[in-house]
Amino acid sequence: MREKVLTWLTQNVPTPRVNHILRVEQMAMDLAVHYKVDREKAAHAGLMHDLAKCFKPQKLLQMAHEEGLEVDEVMAANPHLLHADVSAIVARETFGVDDEEVLQAIANHTLGRPGMSQLCSIVFLADSIEPGRGDTPQLQSLRQLSRQNIYQAVALTCDFTLKLLLESSCLIHPRVILTRNWFLQKWKAKQPIVQKTV
Ligand SMILES: Nc1ncnc2c1ncn2[C@@H]1O[C@H](COP(=O)(O)OP(=O)(O)O)[C@@H](O)[C@H]1O
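Small disclaimer: the values here were computed from a predicted structure and weren't measured. (Residues numbered from 1 in each chain as written. Predicted model: local features only at pLDDT ≥ 70, side-chain atom pairs only at ≥ 80, totals over all residues. Heavy atoms only, no water.)

**With respect to the site of the ligand**
Put simply, the test is: One heavy atom within 4 Å of a molecule or strand makes the whole residue count as near it. Whenever a nitrogen or oxygen atom comes within 3.5 Å of another N or O atom, the pair is scored as a polar contact, on the condition that within protein one atom can donate a hydrogen and the other can accept it, and that pairs from neighbouring residues in sequence are kept only if both atoms are in side chains. In these tables, accessible area is a Shrake-Rupley quantity obtained with a 1.4 Å probe, and a residue counts as shielded only by the protein chains included in the view. Residues are called lining when one of their atoms sits within 4 Å of a cavity or pocket point, these points coming from a 1 Å grid over the protein atoms alone, where a cavity is a set in which a 1.4 Å probe fits but cannot get out and a pocket is an open set with protein on both sides within 12 Å along at least five of seven lines. The rule for placing a molecule in a cavity or pocket is simple: more than half of its atoms must lie within 2 Å of the grid points. Residues are sorted three ways: Asp, Glu, Lys and Arg are charged, Ala, Val, Leu, Ile, Met, Phe, Trp, Tyr, Cys and Pro are nonpolar, and all the rest, Gly among them, are polar.
Not every one of the 17 residues close to the ligand is listed here, only the nearest: R17, K53, T110, R133 and H173. Within the side chain of R17, one N or O atom sits 3.0 Å away from an oxygen atom of the ligand. Here an oxygen atom of the ligand sits 3.4 Å away from a polar atom, N or O, in the side chain of H109. Relative to its unbound accessible surface of 550 Å², the ligand loses 79% to contact with the protein. A majority-of-atoms criterion places the ligand in the largest pocket. Looking at the shell around the ligand residue by residue, the class counts come to six nonpolar, seven polar and four charged.

Listed below in structure tokens is the structure:
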């Protein structure tokens, strides 16, 4: 299947984006091994997470509508946000993916989702922090964190995205905040209780 997907990608996605996809695939596999999550599922989700990245807004809206997806106000204003959900549809319809966990990981790679699985979290992180994203101190620390505490890494990756979005004065989809809060609470709940000494 990998060869078939790669051929499709080279015909439908520009080369720099294909290279990003390959780095996400690799990083998702590495994190999967680290967290003892199914490596093959991580590779499949990484490879197919951006299938609809270059679809036109009209096509994204039409496919979302045909699938019966809820298109909220922010997605209607910025249909590009639907590329994650639509990539999962393409994975199913064009490449016959029927593994619900893989489809969820593709669909949640941009906004995350409160309570999402480890596989989803891994693909979400890999998309945001793969080596091609840059080498700033912030990204370096997120990469380190992604192997130490997956809850904290997802929460802080949401913060990182939110900061970028705030700087660009664009509409923000609220689901990234819900994702952030859920993962922040899981992270805080796992912190050891420090005994206060008088
Ligand atoms: N919560 C959000 N609200 C609005 N836009 C968002 C949100 N999260 C991501 N985006 C934007 O959606 C686009 C797709 O995000 P992403 O899937 O991470 O794509 P890319 O791989 O191009 O960075 C990006 O332009 C990003 O800025």
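Back to the write-up after that little detour.
**A look at the packing of helix α2 (residues 15-35) against helix α8 (residues 118-129)**
Worth spelling out the cut-off: The angle between two axes is taken between their N-to-C directions and runs from 0 to 180 degrees, where each axis is a line fitted to C-alpha atoms and a helix contributes only its stretch in contact. Secondary structure follows DSSP: runs of H or I at least 4 residues long count as helices, runs of E at least 2 residues long count as strands, and numbering of each begins at the N terminus. Oblique is the label for every angle not falling under 35 degrees (roughly parallel), over 145 degrees (roughly antiparallel), or within 65 to 115 degrees (roughly perpendicular). If you view the pair so one helix is near and one far, a crossing is left-handed when the near helix is turned anticlockwise from the far one by less than a right angle, and right-handed when it is turned clockwise. In what follows, residue pairs with any heavy atoms lying within 4.5 Å of each other are defined as contacts.
Contact geometry of α2 with α8 gives a least axis separation of 8 Å together with a crossing angle of 135°. What the angle tells us is that α2 and α8 run oblique. The handedness of the crossing between α2 and α8 is right-handed. Counted together, H20, V24, M27, A28, L31, A32 and Y35 of α2 and Q118, I122, V123, L125, A126, D127 and I129 of α8 form the full contact between these two elements.

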